[in-house]
Structure formats: C-alpha cells, structure tokens
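Each chain is listed here by its residues.
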Amino acid sequence: MEKDISPYAGYLQALYPGANSEELATDLLAVIQTYPMPKPSGHGNTRLPLSEKDTILITYGDSILPGHPPADVQARLGVGGGYPDTGKTSAPPPLACLHRFVETYAHRGFGAIHILPFNPYTSDDGFSVVDYYQVNPRLGTWDHVQELGKNYRIMADLVLNHCSAKSPWFKAYLEGNRNFDKYFIDLPPDTDVSQVVRPRTHPLLTGFPGKTTDGENVERHIWTTFSADQVDLNFSNPRVLLKMVDALLFLISKGCEIIRLDAIAYLWKELGTSCIHHPNTHRVVQLMRTILDNHAPHAVIITETNVPHRENISYFGNGMNEAHMIYQFSLPPLILHSFLTGSAQTLSTWAKTIEVTPYTTYLNFASSHDGIGMTPTHGILSQQEQDNLVQSVLDRGGKVNYKATSEGPIPYELNTTFFSAVCEPSLPEQDRVQKFLASQSILCILPGVPALYIHSLLGSQNFTEGLELTGANRALNREKLFLAELEEQLANPEHLRTKILTGILNMLEIRRSSPAFGPTVPHIILDVNNPSIFAVQRSTGKRGETIVALVNTKGSDQTCTLNHNETPKYQDLLTKTIYESRELVLGPWQYLWLVPAEDSTNTHPKEQP
C-alpha cells in the first residue's frame with residue numbers, strides 16, 4: 001500500500017501556498033488508499049497504455065432504447081436524469097440495449113466505449129451531475145457498466161468543473177452547512193468579470209437564495225460558466241480537490257480505464273485573469289496524472305479543451321506529466337472544409353504540424369455529442385473560409401451556437417450530424433455513402449486513437465424534430481434510436497445505415513490489426529502532386545509495416561503520383577486490389593490503404609482505380 005506523500009506535496013504546496021502541504025498530502029494519500037487497484041489486464045505495461053486496438057465508440061447510455069419508437073416523438077429525446085420513480089418494467093434498460101447492439105453489430109470494430117455521463121443529472125444531457133457515485137437508474141446499474149467492461153475498455157467522464165445546482169453538495173452549501181463552505185464561488189453581483197473567457201453568452205453569475213454558516217438569509221451570486229443549473233466548483237478550496245480525486249479513483253475502481261476530464265480548461269478561477277488554462281489548472285492535471293502513474297498505471301487521462309490547437313496541446317505538459325491523450329479538436333472542421341471545397345491542402349499543411357511522441361497521443365474524431373468546434377479553426381482557416389463552413393451547415397439544416405468575447409458573440413460550434421454536414425442531399429445515396437466513408441477514413445490514418453460517435457457509425461441525419469421539441473441546437477445530433485427498429489434496418493443490406501456501418505467497421509477492423517496504425521507511430525504527409533488528395537504514410541520502421549493512405553476529397557477522378565525510385569506494386573488493404581503504377585487514379589471520394597505487394601493477382605488496371 002502506498003505510503004509516501006512526497007510525489008504529491010509539491011503540487012499541493014504550489015496550489016495552496018497558505019495551507020499545510022504535508023497535512024493535505026496525508027489527507028490525499030488517505031483518499032488514494034481507499035481504492036486499492038486490481039492488476040490491469042493487458043494494459044499498463046508501457047508508458048502510454050494504448051495501442052492500435054483501442055478504437056473508441058462514443059455514445060450516450062441511452063442512445064439506444066428498447067423496442068420500436070413510440071408514436072410520441074418526445075421519446076426520442078431520451079430517458080432523462082435525476083432520481084425518478086420509473087416503476088417496474090420488463091423492457092431491458094438502455095445500457096443493456098447498448099451492450100446488445102455492440103456485441104451483435106460492432107464488436108469487431110471497437111476496443112473501447114465512451115459512455116457519456118451516466119450519472120444522475122438535471123440538465124445538459126448528463127453534464128450537470130447530481131451524484132458522482134451512482135449510475136442513473138433510468139440507464140441501468142454499475143453491473144451493466146461493468147458487464148460492458150469485460151470486453152471493452154470503458155471511457156467515462158469526470159465532470160469536474162461544475163455540478164448540478166440540485167446536487168446534494170450545492171443544496172448543503174445553500175443551507176449554510178459548514179462542511180460545504182467555500183465549495184462554490186460566491187461574488188458580489190457587481191464584480192467585474194469582463195476578462196473571463198467562456199464558451200457561453202448568458203451572465204456568468206447566477207443568483208440563489210441561501211444562508212450563511214451562521215444561519216442568516218443571504219443572496220448568493222454563484223459562478224456558472226455553462227448554465228444556471230451548472231454551478232462551478234471552487235478548486236481554491238483543497239477539500240474540493242480531494243473530493244474530485246476521490247471521484248476519479250472511484251471511477252477507475254469500477255473498471256473505467258479512460259477518464260475524460262470535462263471542460264478542464266476552465267477549472268481554476270482567479271479574478272483579473274482570463275480564467276482559462278490557468279497554471280493551477282495544469283497543476284491539477286499534473287497531480288491527477290501523478291496519482292495514476294503511481295496507483296493505476298493502466299488508466300488514461302484525456303483532456304477535453306475545445307480551443308485553438310496550440311492551447312489544446314499545452315495539456316500534454318512536458319510530454320509525460322499531464323494528459324496521455326487530448327482531443328484533436330482541429331480535425332472535425334478541417335475534414336469538413338476539405339470535403340466541402342474538394343481540397344485537402346489546408347488539412348495537409350496542418351497535419352504536418354502534428355507532433356508524435358512515445359508518451360502522448362490524440363483522440364481523432366469528426367463528430368461527437370457536441371457540435372463541430374469553430375474555435376480550433378482560428379489561425380488555420382481564413383475568416384471567409386470559416387464563414388463558408390458556417391453557411392454550408394446552415395444551408396443543410398444545421399445550427400450554430402455562439403460564445404461571448406470582448407468583440408461580441410462569435411460562432412463556437414456547428415450543430416449538426418457529420419453526415420448531414422458533409423453530404424449534399426442532392427447526391428445519389430451511394431455517392432453520399434462514399435463521400436461520408438472517405439471523410440471518416442481520415443480518423444483512422446492519422447496518429448492517434450480514432451473515435452466514432454454512434455450517429456456517425458450509423459449514418460444518422462439531423463434530428464430536426466428534436467430541435468423543434470427542445471429548442472436546443474445540440475438536439476440535432478442527439479436523437480435516441482430504438483433497438484428493434486435498428487435491428488430491422490441493419491438486417492437490410494441496402495439500408496443506408498447498413499452501408500455506413502459496414503464500411504466503417506471494415507476500416508476499423510483492418511486498422512486494429514495493423515501495427516503501423518499504432519497511436520504513436522510517426523507519420524509523413526506525402527506530396528502526391530494533387531491538392532485534392534490527402535496522403536499519409538505510416539511506418540513502424542525499416543523492417544516493419546508501411547502503409548500509404550490516400551483519400552480523394554473531391555467528387556471527380558483525381559490522379560496522383562507516388563514518388564518512389566522504382567515502380568511499386570501495392571495492395572489495398574481495404575479491397576485487396578493490386579496496383580502496379582506510380583500514377584494512380586482515385587475515383588470520386590475514393591480512399592486506399594496501400595501496402596507493398598509481392599503478388600500481382602487481382603491486378604488493377606493502372607489507369608483506373
């Protein structure tokens with residue numbers, strides 16, 4: 001059992017210079033020792049406990065509901081949060097439906113499942129947590145989560161910037177409970193907060209009636225970065241930090257191996273600063289990483305920071321002391337830009353800047369439960385190119401959320417499914433399938449871990465009914481599916497969902513068996529004499545595997561040149577087709593994963609892909 005406080009005392013002294021760091025470190029060690037960790041099964045033997053097999057499915061716990069959809073479209077909004085008395089039902093809970101879907105249809109493609117916040121909650125589809133230690137009873141139980149964890153690594157959210165305004169912690173605070181004094185940030189209503197950077201436009205301070213610790217009635221004005229129902233936790237109180245470390249280790253003790261630190265960039269507040277990327281925020285991440293390195297080396301920290309690329313990668317720290325993995329937030333808008341313009345030039349230029357180390361990696365995604373972030377395009381796309389992205393999404397039925405800045409509101413995220421954003425409705429269905437699959441192939445070929453949102457995996461289109469029912473832009477990308485209906489659709493090989501699912505699983509299965517696609521394997525962006533083609537080479541070394549991946553971002557035939565000294569013979573891993581020329585013609589939105597071939601069987605005509 002761990003007894004040495006020295007790895008932690010320095011961090012605590014820097015975070016809380018006025019406190020007794022040794023006493024705090026002793027208290028922290030007591031929290032750590034509450035959770036003895038089992039030996040990891042197959043992970044934790046390397047500095048970065050991830051491999052090419054760790055592809056991730058992103059889903060809500062209630063993305064798939066039992067049975068057929070009822071007549072009331074309201075049901076497609078999900079099961080809700082809180083602690084409702086749902087009564088007895090014979091229908092399997094949503095987590096059991098998710099398990100059945102993955103095992104039946106998607107098991108060969110994924111090694112991990114990101115179940116978006118599955119705690120009881122009151123708003124924001126789970127990100128307003130009531131209780132960090134329970135599974136929302138409307139979704140299932142810890143048994144259901146751990147059953148999934150037998151075959152898949154579980155990725156879970158630690159929503160640590162804020163909790164629900166209806167949580168027991170905040171209720172106790174408002175009642176003047178001394179044990180929760182200074183758990184939240186209460187400021188005079190006329191406080192100047194103009195320097196605070198945040199991704200919302202509503203007032204930062206929200207009023208709540210409460211009591212002081214002496215029982216006097218008082219009006220509290222609480223820091224609420226994201227919504228009036230999401231009250232920010234006060235990490236300048238070390239007891240809050242200890243609570244969150246406890247919640248972190250509790251998740252890991254329940255079998256969650258990948259921990260997503262939600263909205264981490266806004267964690268530490270200090271008036272007179274922007275309150276984003278505060279040095280103490282980085283210290284908190286460093287402390288958590290140190291705890292895992294010492295106590296749970298099989299676990300992975302991923303930071304969620306929807307900000308420009310340079311700011312985003314700062315959460316790698318020195319490369320070994322903060323996040324193991326960060327979201328590649330620039331990737332979704334750049335993929336969309338490439339396929340809307342038919343040019344991969346900007347994507348290729350940006351991809352050359354991706355740094356690869358043996359100890360860190362990226363989560364590559366095109367779509368998630370949130371929208372397509374626009375902030376990460378700053379400094380990469382011109383203002384006109386950004387405006388064109390926004391307008392194209394609006395033209396295809398999407399919406400835009402805005403953030404407050406000193407210059408006024410600016411686009412923060414595009415709300416849409418990726419399929420609706422990238423595929424013109426006027427295209428024939430097979431062309432839409434081809435274009436969408438080509439866009440998703442880019443997630444698989446860059447360094448990092450590919451993550452597919454369930455609505456991308458199934459080719460979902462914008463859920464306009466959800467927008468109409470809720471008025472929430474994000475509802476467009478959060479429709480709940482029904483297992484019986486989904487099984488009927490996937491039984492039909494000609495159904496759009498079947499075509500998308502089959503194409504993506506084919507890529508993921510091949511990727512998971514190819515060491516060259518390991519998350520830390522270096523890459524080279526190739527110049528193939530055609531800006532419409534995105535070309536990446538991944539190689540494990542001179543005697544290892546080398547893969548050249550090509551993606552045509554344009555809806556017409558495109559010729560490219562592979563610059564080798566000798567005429568190569570390649571086989572496409574995806575179709576087993578042989579190519580015997582340096583000059584290749586890729587059809588509209590075609591993508592190839594080429595490896596050197598010894599045999600010329602099934603040779604493809606060198607002028608026709």
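For the structure itself, consult the block above.
What you see is a predicted model, and the numbers here were worked out from it, not measured in a lab. (Residues numbered from 1 in each chain as written. Predicted model: local features only at pLDDT ≥ 70, side-chain atom pairs only at ≥ 80, totals over all residues. Heavy atoms only, no water.)

S.K.: Is there a simple way to explain the overall build of the protein chain in this structure?
M.R.: The helix and strand tally for the protein chain stands at 17 helices and 25 strands. In terms of overall size, the protein chain behaves like a compact globule, its C-alpha atoms giving a radius of gyration of 25 Å where 609 residues would be expected to give roughly 25 Å. Its C-alpha atoms put the protein chain at 85 × 55 × 50 Å along the principal axes. When the 609 residues of the protein chain are sorted by exposure, 60% land in the buried category. Partitioning the contacts of the protein chain with sequence separation of at least 6, the portion at a separation of at least 24 is 72%. Counting every atom, the protein chain has about 23,400 Å² of accessible surface; 48% of that belongs to carbon and sulfur. Charge-centre separation for the protein chain: the mean point of 48 positive side chains lies 3 Å from the mean point of 63 negative side chains. (Helix = DSSP H or I, 4+ residues; strand = E, 2+ residues; numbered from the N terminus. Rg over C-alpha atoms; globule rule 2.2 N^0.38 Å. Buried < 20%, exposed > 50% of the residue type's maximum accessible area, 1.4 Å probe, protein only. Contact = heavy atoms within 4.5 Å. Areas by Shrake-Rupley, 256 points an atom, 1.4 Å probe, with all protein chains shown as cover. Lys, Arg positive; Asp, Glu negative; His and termini not counted. Charge placed at Lys NZ, Arg CZ, Asp CG, Glu CD.)

S.K.: Looking at this model, I keep getting lost on the pattern of salt bridges. Mind explaining?
M.R.: It is possible for side chains of opposite charge to pair when their charged atoms get near one another. This structure, assessed with the given rule, holds 25 salt bridges. In this structure, Lys166 engages Asp229 in a salt bridge whose closest nitrogen and oxygen atoms are separated by 3.3 Å. With Lys166 in the loop between strand S5 (162-164) and helix H5 (168-174) and Asp229 in the loop between strand S7 (217-223) and strand S8 (230-232), the pair connects residues that are 63 residues apart, well separated along the chain. When its relative accessible area of 48% is taken as the criterion, Lys166 is described as partly exposed. In this structure, Lys435 engages Glu424 in a salt bridge whose closest nitrogen and oxygen atoms are separated by 2.9 Å. Here the residue Lys435 occupies a position in helix H13 (residues 429-445), and Glu424 occupies one in the loop between helix H12 (418-422) and H13, the gap between them amounting to 11 residues. With relative accessibility at 23%, the residue Glu424 sits in the partly exposed group. Look at the salt bridges and you will find they share partners, linking Asp124, Asp125, Asp370, Glu413, Arg474 and Arg478 into a network. (Salt bridge = Lys/Arg side-chain N within 4 Å of Asp/Glu carboxyl O.)

S.K.: So what exactly am I meant to see when it comes to helix H9 (residues 331-341) here?
M.R.: Think of an α-helix as turning once every 3.6 residues; residues three or four places apart then point the same way. Within H9, nine of the 11 residues are buried, leaving the element largely enclosed by the surrounding structure. Here H9 has its buried residues at Leu331, Pro332, Pro333, Leu334, Ile335, Leu336, His337, Ser338 and Phe339.

S.K.: Can you walk me through the pairing of S7 in this structure?
M.R.: Side-chain positions along a regular strand alternate between the two faces of the sheet. Bridge count between strand S6 (residues 205-211) and S7: seven bridges; the pairing is antiparallel. By the bridge assignment, Thr206 is partnered in S7 with Ile222. The turn linking S6 back onto S7 is made up of five residues, and Gly215 within it adopts a positive phi angle of 90°. (Pairing = 2+ DSSP bridges.)

S.K.: Please explain unusual backbone geometry as it appears in this structure.
M.R.: Only a minority of non-glycine residues have a phi that is not negative, and only a minority of peptide bonds are not trans. Unlike most non-glycine residues, Ala263 shows phi in positive territory, near 50°. Its place among the elements puts Ala263 in the loop between strand S9 (256-261) and helix H7 (279-295). Phi at Cys275 takes a positive value of approximately 60°, unusual for a residue other than glycine. Inspection of the secondary structure puts Cys275 in the loop between S9 and H7.

S.K.: Looking at this structure, how should I read the sheet that holds strand S25 (residues 591-596)?
M.R.: Paired through backbone hydrogen bonds, the strands of a sheet run either parallel or antiparallel to each other. The six strands are arranged S18-S19-S20-S25-S22-S23 in an open sheet whose pairing can be described as antiparallel. Whereas interior strands pair on both sides, the edge strands pair on one side only; in this sheet they are strand S18 (523-525) and strand S23 (578-579). Pairing of strand S20 (residues 546-552) with S25, which is carried by four bridges, proceeds in the antiparallel orientation. Along S25, the bridge assignment pairs Ala549 with Trp593.

S.K.: I would appreciate a short explanation of the layout of surface pockets in the present structure.
M.R.: In this approach a probe as big as a water molecule rolls over the atoms, and the regions it shows empty are the leftover space. Computed from the structure, the largest pocket encloses a volume of approximately 540 Å³. For the largest pocket, the lining is made up of 30 residues, of which Asp124, Asp125, Ala472, Arg474 and Arg478 are closest to its centre. Within the residue set of the lining of the largest pocket, elements represented by two or more residues are strand S14 (399-403) and strand S15 (410-415). Grouping the amino acids of the lining of the largest pocket by side-chain chemistry returns 10 nonpolar, 12 polar and eight charged. (1 Å grid on protein atoms, 1.4 Å probe; cavity = no way out; pocket = protein on both sides within 12 Å on 5 of 7 lines; lining within 4 Å. Points joined across faces, edges and corners; volume = space filled by probe spheres on them. Nonpolar A, V, L, I, M, F, W, Y, C, P; charged D, E, K, R; others polar.)

S.K.: Looking at this structure, I do not really get empty space enclosed by the protein. What am I missing?
M.R.: Within the structure shown, the criterion is met by five cavities of 30 Å³ or more. One number sums up the size of the largest cavity: a volume of about 290 Å³. Taken together, 24 residues make up the lining of the largest cavity; nearest its centre are Asp262, Glu304, Asp370, Tyr412 and Arg474. Put simply, the second largest cavity is a space of about 90 Å³. Taken together, 14 residues form the lining of the second largest cavity, with Tyr60, Asp62, Tyr121, Asp125 and Lys480 sitting closest to its centre. Here the lining of the second largest cavity is composed, by residue class, of six nonpolar, five polar and three charged.

S.K.: Just checking my understanding: could you explain the packing of aromatic side chains for this structure?
M.R.: Geometry of an aromatic ring pair is reported as the spacing of the ring centres plus the angle between the planes. Here the structure, examined in full by the defined rule, presents 20 aromatic pairs. Between the aromatic rings of Tyr16 and Trp268, the centroid separation amounts to 5.9 Å while the plane-to-plane angle is 45°, which identifies the pairing as tilted. Remark: Trp268 occurs in the loop between S9 and H7 and Tyr16 occurs in the loop between helix H1 (6-15) and helix H2 (21-33); sequence separation between them is 252 residues. This pair shows no difference in class: Tyr16 is buried, exactly as Trp268 is. Ring plane angle 25° and centroid distance 5.3 Å describe the contact between Tyr327 and Phe329, whose orientation is recorded as stacked. (Phe/Tyr/Trp six-rings, centres within 6.5 Å; stacked < 30°, edge-to-face > 60°.)

S.K.: Mind showing me how you'd approach the nonpolar core here?
M.R.: Side chains that are nonpolar tend, in soluble globular proteins, to be buried together. Counting 179 residues, the largest nonpolar core has Phe101, Leu158, Phe184, Phe534 and Trp593 as the members making the most contacts within it. Ranked by the residues each element gives to this core, the list is headed by helix H6 (residues 238-253), at 11 residues. Filtering out sequence-adjacent residues up to four positions away, Phe534 remains in contact with Ala344, Leu347, Ser348, Ala351, Ile442, Ile445, Leu446, Ile525, Ala549, Leu550 and Val551. Ala535, Val548, Leu550 and Leu592 belong to the second largest nonpolar core, which has 13 residues in total. (Core = buried A, V, L, I, M, F, W, Y, C linked by side-chain atoms within 4.5 Å.)

S.K.: What am I meant to see in the environment of Gly459 here?
M.R.: The residue Gly459 is located in the loop between helix H14 (454-457) and helix H15 (464-470) in this model. Aside from chain neighbours lying at most four places away, what touches Gly459 is Phe419, Leu496, Arg497 and Ile500.

S.K.: How should the packing of H1 against H2 be read in this particular structure?
M.R.: In a pair of packed helices, the angle between the axes and the distance between the axes together describe the arrangement. Running from N to C, H1 and H2 cross one another at 125°; their axes reach a closest spacing of 8 Å. As summarised for this structure, H1 and H2 are arranged oblique, according to the angle between their axes. Here the hand of the crossing between H1 and H2 comes out right-handed. Every residue of H2 that contacts H1 at Tyr8, Ala9, Leu12 and Gln13 is listed here: Ser21, Leu24, Ala25, Leu28, Leu29 and Ile32. A per-class count over the contact of H1 with H2 returns eight nonpolar, two polar and no charged. (Axes fitted to C-alpha atoms, helices over the stretch in contact; angles between N-to-C directions. Parallel < 35°, antiparallel > 145°, perpendicular 65-115°, else oblique. Left-handed = near helix turned anticlockwise from the far one by under 90°.)

S.K.: Honestly, the sheet that holds S9 in this entry has me stumped. Any pointers?
M.R.: One closed barrel holds the eight strands; their spatial order is S1-S3-S4-S9-S10-S11-S12-S16, and the pairing between them is parallel. When strand polarity is set aside, the average angle formed by the axes of neighbouring strands in this sheet is 25°. One ladder, built from four bridges, connects S9 with strand S10 (residues 300-303); its direction is parallel. Note on S10: the bridge partner recorded for Leu261 is Thr303.

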